[in-house]
Amino acid sequence: MAGRFEGKRALVLGVANRRSIAWAIAKRLSDEGATVAFTYQGERIEKNVRELAASVASPLVTACDVRSDEDLDRVFQEVADTFDGGLDVLVHSVAFAAAEDLEGRFVDTPRDRFWLALDISAYSLVACARRAEPLMAARGGGAIVTMTYLGGERAVPHYNVMGVAKAALDSSVRYLAWDLGFENIRVNAISAGPVRTLAARSIAGFTTMEAMFEERAPLHRQIDADDCAAAAAYLLSEEAANVTGTTLYVDAGYHAMGM
Ligand code: NAD
Ligand code: 0WE
């Protein structure tokens, strides 16, 4: 494939396995010439991520729990050491809410689990962007992409506290775009339709939701992780040089409908 990312250095957070949206994006960046560093959340998925990373000759695979400032400080230090103090691309594809909060009623969300979901799913983007800023500024600019979902703008039954977290994430994209624009760093989101990943498969009623999606979306078909990767590659490339603070919907048109 033509090398839109030849000579570019990327950091990807959020690969759990080969189905992860983050993996599709990382593979696409690598296929187009990027060198890609990875983080993984815990020992449980370390082997998966190391194998995937090795297949794209990644120079850095390191642990990162985005709730930990110490982890984040270490990760960005390792990235600086690996990439000679520079970073061009950051992919944030991380979200978490307690399983029980994606089943019951939103009104029952307790305080600690509300903040857990917002910490991992929204604040983590801000925490990463702040640490990426000097590394991207050293390269004359950069681009950041995060993954969001329509449930942050509309009430999607059972998405619950994750929807509130996505609303905070979406707004963070706009404020980060303003702050980091001074350094020629762009910040955008991709709003994806349902994709059968690890994070989605365990969700009760996911199959019913897919059927409803296919019926109501203008294109009457599912989207996949590679569709997200194509959109991410665009937003992260020079072709999107004047695109920042926005959301690109990769959802077969579902968001455009009122019925
Ligand atoms: P996934 O399970 O493959 O990815 C989620 C990732 O979040 C995992 O790699 C997991 O390790 C990571 N994570 C969770 N808690 C973490 C923590 N404390 N520290 C570091 N990492 C942590 O599932 P996915 O569907 O690829 O999800 C990626 C992103 O895409 C998420 O932001 C999700 O909200 C978003 N998204 C998914 C869909 C979908 O239908 N699958 C649709 C729209 C948006
Ligand atoms: O963002 C997501 C899912 C994110 C997610 C998934 C899990 C499952 C396992 C966050 N935390 C957890 N915690 C777990 O313990 N999506 C956009 C996919 C998704 O999730 C839904 C959806 C859709 C779509 C939940 C309810 C309704 C629709």
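All of these numbers come straight from a predicted model, not from anything done at the bench.

## A few points about the overall build of the chain
Summing up its helical and strand segments, the chain has eight helices and seven strands in all. In summary, the chain has a C-alpha radius of gyration of 17 Å against a globular reference of 18 Å for 259 residues, a match within 12%. Expressed along its principal axes, the backbone C-alpha trace of the chain runs to roughly 50 × 40 × 35 Å. The proportion of buried residues among the 259 residues of the chain is 50%. For the chain, restricting intrachain contacts to residue pairs at least 6 apart in sequence, the fraction spanning at least 24 positions comes to 74%. Of the roughly 12300 Å² of accessible surface on the chain, a fraction of 52% belongs to carbon and sulfur atoms. Taken as two groups, the 26 positive and 35 negative side-chain charges of the chain have centres that lie 3 Å from each other.

## Here's the deal with the site of ligand 1
Neighbouring ligand 1 are 28 residues; Gly-14, Ser-20, Lys-166, Val-195 and Thr-197 lie closest to it. The backbone of Ala-16 places a nitrogen or oxygen atom 3.4 Å from an oxygen atom of ligand 1. Side-chain polar atom of Lys-166 to an oxygen atom of ligand 1: 2.8 Å apart, as the coordinates give it. Starting from 810 Å² of accessible surface for ligand 1 in isolation, the protein chains cover 92%. Contributing elements (two or more residues each) for the shell around ligand 1: strand E5 (142-148) and helix H6 (198-201). Of the residues forming the shell around ligand 1, the biggest block, three residues, is contributed by H6. Its residues placed into classes, the shell around ligand 1 shows 18 nonpolar, seven polar and three charged.

## Examining the nonpolar core
Counting 43 residues, the largest nonpolar core has Leu-29, Phe-38 and Leu-236 as the members making the most contacts within it. Contributions of two or more residues to this core are made by strand E1 (9-13), helix H1 (21-31), strand E2 (35-40), helix H2 (43-55), strand E4 (89-92), E5, strand E6 (185-192) and helix H8 (225-236). Other than its neighbours up to four places away in sequence, Phe-38 contacts Leu-11, Val-12, Val-15, Trp-23, Ala-26, Val-49, Ala-53, Val-56, Ser-58, Leu-60, Val-61 and Thr-62. Residues Val-66, Phe-83, Leu-169 and Ala-189 belong to the second largest nonpolar core, which totals 33 residues.

## Quick notes on the environment of Val-61
Mapped onto the elements of the fold, Val-61 is located in strand E3 (residues 61-63). Spatially, the C-alpha atoms of Val-61 and Ala-240 are 28 Å apart, while their sequence positions differ by 179 residues. Setting aside anything within four residues of it in sequence, one finds Val-61 in contact with Phe-38, Tyr-40, Val-49, Arg-50 and Ala-53.

## Some points on the packing of aromatic side chains
On inspection of all chains with the given rule, the structure shows five aromatic pairs. Measuring from ring centre to ring centre gives 5.1 Å for Trp-178 and Phe-182, while their planes differ by 80°; the resulting arrangement is edge-to-face. Summarising the burial analysis for this pair, Trp-178 and Phe-182 share the class exposed.

## Describing the sheet that holds E3
Read across the open sheet, the seven strands follow the order E3-E2-E1-E4-E5-E6-E7; overall the sheet is parallel. Each end of this open sheet is capped by a strand with a single partner; those strands are E3 and strand E7 (247-250). Each strand of the sheet is rotated relative to its neighbour by a mean of 20°, with strand direction disregarded.

## Some details on the site of ligand 2
Around ligand 2 sit Phe-96, Ala-97, Ala-99, Leu-102, Tyr-149, Pro-157, His-158, Tyr-159, Ala-199, Ser-202, Ile-203 and Met-209, and those are all the residues in its vicinity. One nitrogen or oxygen atom from the main chain of Ala-97 is found 2.7 Å from a nitrogen atom belonging to ligand 2. Between ligand 2 and Tyr-159 there is a distance of 2.7 Å, counted from an oxygen atom to a side-chain nitrogen or oxygen. Protein contacts shield 86% of the accessible area of ligand 2, which totals 600 Å² for the unbound molecule. Its residues assigned to classes, the shell around ligand 2 shows ten nonpolar, two polar and no charged.

## Remarks on the pairing of E6
On a regular strand, one side chain projects to one face of the sheet and the next to the other, so that they alternate. Within E6, eight of the eight residues are buried, leaving the element largely enclosed by the surrounding structure. Burial of the side chains of E6 extends over both faces: Ile-185, Val-187, Ala-189 and Ser-191 are buried on one face and Arg-186, Asn-188, Ile-190 and Ala-192 on the other. Note: E5 against E6, seven bridges, orientation parallel. By the bridge assignment for E6, Met-147 is matched with Ile-190. You can see the chain leave E5, run along helix H5 (residues 160-181) and come back into E6, and the turn it takes is right-handed. Here E6 pairs with E7 via four bridges, running parallel. By the bridge assignment for E7, Ile-190 is matched with Leu-248.

Rules used throughout
- Residues numbered from 1 in each chain as written.
- Chains lettered and ligands numbered in written order.
- Predicted model: local features only at pLDDT ≥ 70, side-chain atom pairs only at ≥ 80, totals over all residues.
- Heavy atoms only, no water.
- Helix = DSSP H or I, 4+ residues; strand = E, 2+ residues; numbered from the N terminus.
- Rg over C-alpha atoms; globule rule 2.2 N^0.38 Å.
- Buried < 20%, exposed > 50% of the residue type's maximum accessible area, 1.4 Å probe, protein only.
- Contact = heavy atoms within 4.5 Å.
- Areas by Shrake-Rupley, 256 points an atom, 1.4 Å probe, with all protein chains shown as cover.
- Lys, Arg positive; Asp, Glu negative; His and termini not counted.
- Charge placed at Lys NZ, Arg CZ, Asp CG, Glu CD.
- Near = heavy atom within 4 Å.
- Polar contact = N/O pair within 3.5 Å; in protein donor to acceptor, adjacent residues only side chain to side chain.
- Nonpolar A, V, L, I, M, F, W, Y, C, P; charged D, E, K, R; others polar.
- Core = buried A, V, L, I, M, F, W, Y, C linked by side-chain atoms within 4.5 Å.
- Phe/Tyr/Trp six-rings, centres within 6.5 Å; stacked < 30°, edge-to-face > 60°.
- Pairing = 2+ DSSP bridges.
- Axes fitted to C-alpha atoms, helices over the stretch in contact; angles between N-to-C directions.
- Right-handed = clockwise from strand over helix to strand, strands pointing away.

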